[in-house]
Each structure stands twice: as C-alpha cells, then as structure tokens.
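Below are the chains, spelled out letter by letter.
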Amino acid sequence: MRVVELVVPDESAEAASDRLWTAGASGIEERSGDGVTALRTVLAADDDVSRSRLGPLPVGWILQFVDVDDAPAETWRDFARPIIVNDDLMIRPAWLVDNTEVGNRTVIDIDPAGSFGLGDHPTTRLSADAVWRSVRAGDRVLDVGCGSGVLSIIAVERGASTVVAIDVAEAAREATIANARRHRVADRIDASCTPLAVIGDGFDVVIANILAPTLVSLAADLRRVLSPTGRLIISGILSGHHDHVLDALAPLEVVRSDELDAWACVELTARTPDFSAG
Ligand SMILES: C[S@@+](CC[C@H](N)C(=O)[O-])C[C@H]1O[C@@H](n2cnc3c(N)ncnc32)[C@H](O)[C@@H]1O
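What you see is a predicted model, and the numbers here were worked out from it, not measured in a lab.

Here the focus is the sheet that holds strand 14 (residues 263–269). Read across the sheet, seven strands follow the order 10-9-8-11-12-14-13 without closing on themselves; strand pairing throughout is mixed. Because the sheet does not close on itself, it has two edges, and the strands there are strand 10 (189–192) and strand 13 (253–260). Averaged over all adjacent pairs, the angle separating strand axes in this sheet is 15°, with direction ignored. Along the sheet, helix 5 (residues 122–134) makes contact with strand 11 (203–209), strand 12 (226–238), strand 13 and strand 14, crossing strand 14 at roughly 30°. Each of strand 8 (140–144), strand 9 (162–166), strand 10 and strand 11 is contacted by helix 6 (residues 150–157), which is oriented at about 175° to strand 9, the strand it contacts most.

On to the packing of aromatic side chains, then. Counted under the stated rule, the structure contains one aromatic pair. Ring geometry for Trp-21 and Phe-116: centres 5.6 Å apart, planes at 75°, overall edge-to-face. With Trp-21 in helix 1 (residues 13–22) and Phe-116 in the loop between strand 7 (106–110) and helix 5, this residue pair connects regions lying 95 residues apart in the sequence. Here Trp-21 falls in the buried class, since its relative accessible area comes to 9%. Classification of Phe-116 as partly exposed rests on a relative accessible area of 25%. Above the face of the Phe-203 ring, Arg-140 is positioned so that its terminal group lies 4.3 Å from the ring centre. Sitting over the ring of Trp-132, Arg-158 keeps its end group 4.1 Å from the ring centre.

The domain architecture assigned to the protein chain consists of domain 1 (2–77) and domain 2 (123–269). Computed from C-alpha atoms alone, the centre-to-centre distance between domain 1 and domain 2 is 27 Å.

Conventions adopted
- Residues numbered from 1 in each chain as written.
- Predicted model: local features only at pLDDT ≥ 70, side-chain atom pairs only at ≥ 80, totals over all residues.
- Heavy atoms only, no water.
- Pairing = 2+ DSSP bridges.
- Helix = DSSP H or I, 4+ residues; strand = E, 2+ residues; numbered from the N terminus.
- Axes fitted to C-alpha atoms, helices over the stretch in contact; angles between N-to-C directions.
- Contact = heavy atoms within 4.5 Å.
- Phe/Tyr/Trp six-rings, centres within 6.5 Å; stacked < 30°, edge-to-face > 60°.
- Buried < 20%, exposed > 50% of the residue type's maximum accessible area, 1.4 Å probe, protein only.
- Lys NZ or Arg CZ within 6 Å of the ring centre and 35° of its normal.
- Domains from an automatic or database assignment.

Set out below in structure tokens:
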C-alpha cells in the first residue's frame, strides 16, 4: 500500500492534520520525535493525485510517499480513541471495547473502513452534536456525503423514520451499510451513490459535511430538498471563511453556528421553526 507521509515541525502538526483530512484522509497515524511530527495516511494510489489533493505546502513541510505492508497501514486503528460528542453521545471505534466514560451516553460504534467518519474530525463532532439536537421522532433525514454513515445512525438513534444516505464514493456506501447493520438500523437507512440532483424533496433535516467548494456547487439542490420548515446542517467549512457558502445558500437563514479547532458547523432554515420542544 502507498502511504502519504507529511513530516512537519511539531507546532504545525495540527495544521498538517487538517490538510490531510481536507484532502480526503479517513484516518491518520501521528508520530513525534526530535521536534518533528510525521503524519501518515492513505489518499490515492497515484502519487500525483495525492499531491494535487494536498495542494501547495508551506515551506518546511516535507511530503514523501512510502510503500508499506497493509498491516502497518492499519496501525492508525491502534491510535483511535472514543470521542465524547456531548453529555449524551459518544462515537467509539467499533474495534475498541472501552466502556470508560460511557456513563448514560448513547454509543455509536463505527468502523469507517475506507471512508471518512471515525468521529474524531472536528466537522464530524460538530455535525454529530447538531444532528443529535435537531432530529425529532418521525423526521425524514437526508445525509449528503454520508462517509461511514455515522451521522445517519445518530439520526436514527434520535428517532428519524428514514434516512437517505448518499455519497459519491462506493466505499462510503459500503461502510454506511456495514455500520447500519452493526447498529441493527439498516432497515431505516437507504445508502446509495445516487446524485443529490435526482433526490426528491421534503426532508425535515438535511446534513452535508462536505468541503466548501462542493457545498457551493450543491447549494441549489440542498435548498430544493429541504422542507419549508426543515433544517440544513452544513460543516466541512472553515471558521470565518465560509460567507461565500452562506451566500450560495440564501435565502436560507443561519439559526446557529458552532466552531471547533478552526472548523465550523452552521445550521440554516427557510423560516424559523420552534425547536424549543424536546
Ligand atoms: C468530510 S466527509 C463526511 C463524512 C461523514 N458524513 C462525517 O460527517 O464524518 C465528506 C464526504 O462527502 C463525500 N462527497 C464529496 N462530494 C460529494 C458529492 N458531490 N455528493 C455526495 N457526497 C460527496 C465524500 O466522498 C466524503 O465521504
């Protein structure tokens, strides 16, 4: 397996990690020593494709490509830890049996396999909290860019009657089905690679944790699929650098905005409904 390795000064490790997530990493292995951090992930089979997804790198960052056996490439799994989303919700790597800090929380066990959505990325954490707060019993939910299916499963846990989960990546469709089966909710999640453009309308909650350029290109369809009183949850956008995404989604109005580690999650509606109940 061909692995991308970024070697950066320790103080740049978080920025380098964000760059790899943004380029499509589904898990990152980090090792530090002698003032530098090496971050490894798998992006694409072709080095040039990986390089172009990463874009120009700051001076002092070293990009290299390493061939490794499949087994070491899976070592990111050893570094995965449960993520406490809020007082009521935890996302846990499916291969960990770790009940510390579970308390009364609902636990979502996830194996992202070859997709994005282990729960450790700030945008997934922010979106997970927004889905937990927004979905009501009986809601019809659409998860655009479902990745591992983590947000779809949370929506079902909150009582969604059905979740339509779509993604351009076949690996994401497969991971969503596998994770939904693990949670015994596969009958309520319809996972496919159907393009958003041909999805029907009337969804009570629409989730889209996708990078800003894609959100802009999907904006008209995101507005169209939302019911008149529905809520759109977007993430994958950087704090303070997403006005162009909100402009593309107008006349939807922002009703809530949260930030974590330089990433943002914004909730929008066509008109302001009463979310105070429940
Ligand atoms: C940041 S991941 C989010 C995964 C998961 N929903 C989460 O929150 O952890 C974005 C996902 O969007 C998918 N994606 C990118 N462009 C898309 C598009 N135009 N339509 C549907 N899915 C798309 C990617 O394949 C990827 O799985």
